[in-house]
Amino acid sequence: MAQWTSAVGVAQLARQLNAQQSRPAGPGTRKPPAYRALADGIRLLVLEGRVPVAARLPAERELALSLAVSRTTVAAAYEELRTQGFLESRRGAGSWTAVPAGNPLPARGLEPLPPEALGSMIDLGCAALPAPEPWLTRSVQGALEELPPYAHTHGDYPAGLPVLRQTIADRYTARGIPTMPEQIMVTTGAMGAMDAICHLFAGRGERVAVESPSYANILQLMREAGSRLVPVAMGEGLAGWDMARWRQVLRDAAPRLAYVVADFHNPTGALADEDQRRRLVDAARSAGTVLVVDETMAELRLDAEIELPRPVCAFDAAGSTVITVGSASKAFWAGMRIGWVRAAPEVIRSLVAARAYADLGTPVLEQLGVNWLMWTGGWESAVAIRRAQARQNRDALVEAVRRELPDWEFEVPRGGLTLWARAGGLSGSRLAEVGERVGIRVPSGPRFGVDGAFEGYVRLPFTVAGPVADEAAARLAAAARLVATGASTGTETPRTFVA
């Protein structure tokens, strides 16, 4: 009986492998034999989760034809992977990916590093900051005071607590977008919101247009929902959306859904201007595409002189084109796990009805905590702390990376929590792998793309400052030297670092 549970298409695997090989080699890099380079490429895809474990690989002849190499090269690469424990085979069943005994299963998103690993590892994988105290403690205390009446109910509120729905609606109205509570659904974080939206609008086989690059966890959520992702390249640097490309994709592909981050885009940090927002809404409306706008970074303006454009939903007067997703995770604290959807009332009703088969509702205490913050002004005070912390981290990280890695290229974003860096011609996948061995965890560029795009990039979040930022940059530089010299197959011992 076959041990594989999915299959990797030959065209998809070839695109991912070719993207790895297309990066220029660093100075002094030793070129490995072709079979070993192929084995290393597949191994990296498995370690990063971009090729699932227990996925059947193409037959040797198929892959050889697609890569324009000899079948002997592919056979030798597969044998190398079997020897390393990354491939298993059975006559008549083919070959499928595996992980060696004792290795952790690869993550397919950007999950937080376990706390017990923080002593020896600097975590740049998760773009989240500690809670802004004293406001977390005060919000919980305020929530406990408001809890007793709710404790006498069943506690399930599929649309969210009415009081929080009203508060969120009032905040949109104060921003110039009249909103009723019937247009709000409270969710378990932004991911819960996106999961509900994807299941309602983008079932298996439906096309979804996404920015390229885009947020890795959302891309993976859509893949697992069976959506067909259609990438739309971002403009250069911090220019925001390339509207000509968006118009073409919306016209030619007619995607059912489009997902964008207009405010301090994750991972590039770009901020779409008002004209781009207006034109994208118009193009989506003309194509019959539902435009999902992720506002989780909207309140993280780090430079005070930046004037924020109006929200994207402000350009959808009829309310039939734009669905907005918000969250407390980035602006306040990821542990609060409160998100929300703003949409037309009939869309909210459909989302709420579908939720009965998912999580039924969001925890009451956390909802009361967020409501307390928004009603008392604590939210604004907490966000001010978050902005100051992220600004300090950004400046420290930028200075350290420029000092340790002067050939890396990036533009400094004016808000958000992430820096998108071109890694001096090196492979982001290899930097991520070697970084783990020298004590730095960093996500590679391909996690934020489709089919191997952005191999030469890494994402650096604003989560460290001071000596930790200096040490993070030093470890990145150490990983870069190992990758550049081709000496990335050994084992390094991470240093213990205490902030």
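Below: a short report on this structure. Quick caveat, the model's predicted, so the values are computed rather than measured. The numbering scheme is per chain: residues are counted from 1 as the chain's sequence reads. Per-residue local features of the predicted model are confined to residues with pLDDT of at least 70, and side-chain atom pairs are confined, for both listing and counting, to 80 or more; whole-chain, interface and lining totals are unaffected and use all residues. Just so you know, side-chain values use all the structure's heavy atoms and leave hydrogens and water out.

**Observations concerning the nonpolar core**
Reasoning step 1: Val401, Trp408, Leu431, Leu460 and Leu476 are the most contacted members of the largest nonpolar core, which totals 42 residues.
Reasoning step 2: Examining the composition of this core, we find that eleven residues originate from one element, helix 16 (residues 466–484), more than from any other.
Reasoning step 3: It only takes one pair of heavy atoms within 4.5 Å for two residues to be counted as in contact. When neighbours within four sequence positions are excluded, leucine 476 is seen to be in contact with Leu124, Leu405, Trp408, Ile440, Val442 and Leu460.
Reasoning step 4: Only buried Ala, Val, Leu, Ile, Met, Phe, Trp, Tyr and Cys residues count toward a nonpolar core, and they belong to the same one when joined by side-chain atoms within 4.5 Å. For every residue, the accessible area (1.4 Å probe, protein chains only) is compared with the maximum for its type, and the residue is labelled buried under 20%, exposed over 50%, or partly exposed between those bounds. Counting residues in hydrophobic clusters, the runner-up holds 30 residues, among them Ala190, Ala202, Tyr259 and Leu351. Helix and strand definitions here come from DSSP, where helices need a minimum of 4 consecutive H or I residues and strands a minimum of 2 consecutive E residues; each element is numbered from the N-terminal end.

**Looking at the packing of aromatic side chains**
Reasoning step 1: Two rings belonging to Phe, Tyr or Trp (six-membered ring only in the last case) form a pair when the distance between their centres is within 6.5 Å. Interplanar angles under 30 degrees mark stacking, angles over 60 mark edge-to-face geometry, and anything in between is tilted. Scanning all chains against the criterion turns up seven aromatic pairs.
Reasoning step 2: Ring centres of tyrosine 150 and tyrosine 157 lie 6.2 Å apart, and the angle between their planes is 75 degrees; on these two criteria the pair is classed as edge-to-face. Side by side, tyrosine 150 and tyrosine 157 carry an identical accessibility label, which is buried.
Reasoning step 3: With a centroid separation of 6.2 Å and 25 degrees between ring planes, the pair formed by phenylalanine 332 and tryptophan 379 is classed as stacked. Note that phenylalanine 332 is positioned in the loop between strand 11 (322–327) and strand 12 (339–342) and tryptophan 379 in helix 14 (residues 378–404), a separation of 47 residues in sequence. Considered together, phenylalanine 332 and tryptophan 379 belong to a single accessibility category, that of buried residues.
Reasoning step 4: Each residue in the set Trp420, Phe448, Phe454 and Tyr457 is aromatic and connected to the rest through ring pairs, giving one cluster.
Reasoning step 5: In this arrangement the basic side chain of arginine 138 is found over the ring face of tryptophan 135, its NZ or CZ atom lying 4.7 Å from the centre.
Reasoning step 6: A cation over a ring is seen here: arginine 342 above tyrosine 172, with NZ or CZ 5.8 Å from the ring centre. Ring-over charges, as used throughout, are those where CZ of Arg or NZ of Lys falls within 6 Å of the ring centre and within 35 degrees of the ring normal.

**A short note on the sheet that holds strand 6 (residues 184–187)**
Picture the strands of a sheet paired through backbone hydrogen bonds; they go either parallel or antiparallel.
Reasoning step 1: At least two bridges found by DSSP between two strands is the condition for calling them paired. Within the open sheet, the seven strands sit side by side as 6-12-11-10-9-7-8. Their pairing is mixed. Looking at strand neighbours, the two that pair on one side only are strand 6 and strand 8 (228–233), the edges of this open sheet. Taken over all neighbouring pairs, the strand axes of this sheet differ in orientation by 20 degrees on average, direction set aside.
Reasoning step 2: Note on method: axes are straight lines fitted to C-alpha atoms, helices fitted across the in-contact stretch only, with angles between N-to-C directions ranging 0 to 180 degrees. Packed on one face of the sheet, helix 7 (residues 162–174) meets strand 6, strand 11 and strand 12 and runs near 120 degrees to strand 6.

**Considering the pattern of salt bridges**
Reasoning step 1: Salt bridge, as used here: a side-chain nitrogen of Lys or Arg that lies within 4 Å of a carboxyl oxygen of Asp or Glu. Taken as a whole, this structure holds 26 salt bridges when the rule is applied.
Reasoning step 2: Residues arginine 441 and aspartate 123 are paired through a salt bridge, measuring 2.8 Å at the closest nitrogen-oxygen approach. Separated by 318 residues along the polypeptide, arginine 441 in strand 14 (residues 440–441) and aspartate 123 in strand 5 (residues 122–123) bring together distant segments of the chain. For the pair arginine 441 and aspartate 123, one class covers both residues: buried.
Reasoning step 3: Residue arginine 403 is joined to aspartate 470 by a salt bridge in which the shortest nitrogen-to-oxygen separation is 2.9 Å. Linking arginine 403 in helix 14 with aspartate 470 in helix 16, this pair joins segments that are 67 residues apart in sequence.
Reasoning step 4: For arginine 403, a relative accessible area of 43% puts it in the partly exposed group.

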